[in-house]
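Below are the chains, spelled out letter by letter.
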Amino acid sequence: MRCGQWTLVELCDGRQLQIFDIAWGRDSGADFDHITTNVSPGPSEDHTIDFFHTSEVAFMTDPSTGKILFTNRPNH
């Protein structure tokens, strides 16, 4: 994602994920990549490991500044 900097990702279903690093790939015939978070090398503090597809991302922000890094929603 951002070289070991925390990123807040909100998915289209409203889930919010704190992401430190990702592993990604695309299955044969798939239209979107799949993402697994916080596994390699993973943050040193407590964290979750999450899985989602890039098509599910509504927006991503820098939690330290609030700056929107990516949006898939109009008017943001």
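Structure first, text after, so check above.
These remarks concern the structure in this document. Here the structure is a predicted model, which means the values were calculated and not measured. All chains use their own residue numbering, which begins from 1 and follows the written sequence. Residue-level local features of this predicted model are given only where pLDDT is at least 70; pairs of side-chain atoms are given and counted only at 80 or more, and the full residue set underlies all totals for whole chains, interfaces and linings. Here the side-chain values reflect all heavy atoms present in the structure, with hydrogen atoms and water set aside.

1. Thoughts on unusual backbone geometry
In terms of backbone geometry, most residues other than glycine have negative phi values and most peptide bonds are trans. You will see that Asn38, though not glycine, has its phi angle at about 60 degrees, which is positive. Position of Asn38 relative to the elements: it lies in the loop between strand E4 (34-37) and strand E5 (51-53). The buried label goes to any residue with under 20% of its type's maximum accessible area, the exposed label to any with over 50%, and the partly exposed label to all in between, with areas taken from a 1.4 Å probe on protein chains only. For Asn38, a relative accessible area of 2% puts it in the buried group. Strands here mean DSSP runs of E at least two residues long; helices mean DSSP runs of H or I at least four residues long; both are numbered from the N terminus.

2. Quick notes on the pattern of salt bridges
By definition, a salt bridge exists where a carboxyl oxygen of Asp or Glu is found within 4 Å of a side-chain nitrogen of Lys or Arg. This structure, assessed with the given rule, holds three salt bridges. A salt bridge links Arg15 to Asp13; its shortest N-O distance comes to 3.0 Å. Here Arg15 makes a salt bridge to Glu56, at a shortest N to O gap of 3.8 Å. Of this pair, Arg15 sits in the loop between strand E1 (7-11) and strand E2 (16-19) while Glu56 sits in the loop between E5 and strand E6 (57-61), and the two are 41 residues apart along the sequence. A relative accessible area of 35% places Arg15 in the partly exposed class. Residues participating in the shared-partner salt-bridge network are Asp13, Arg15 and Glu56.

Note that all results are geometric; they support no functional claim without further evidence.
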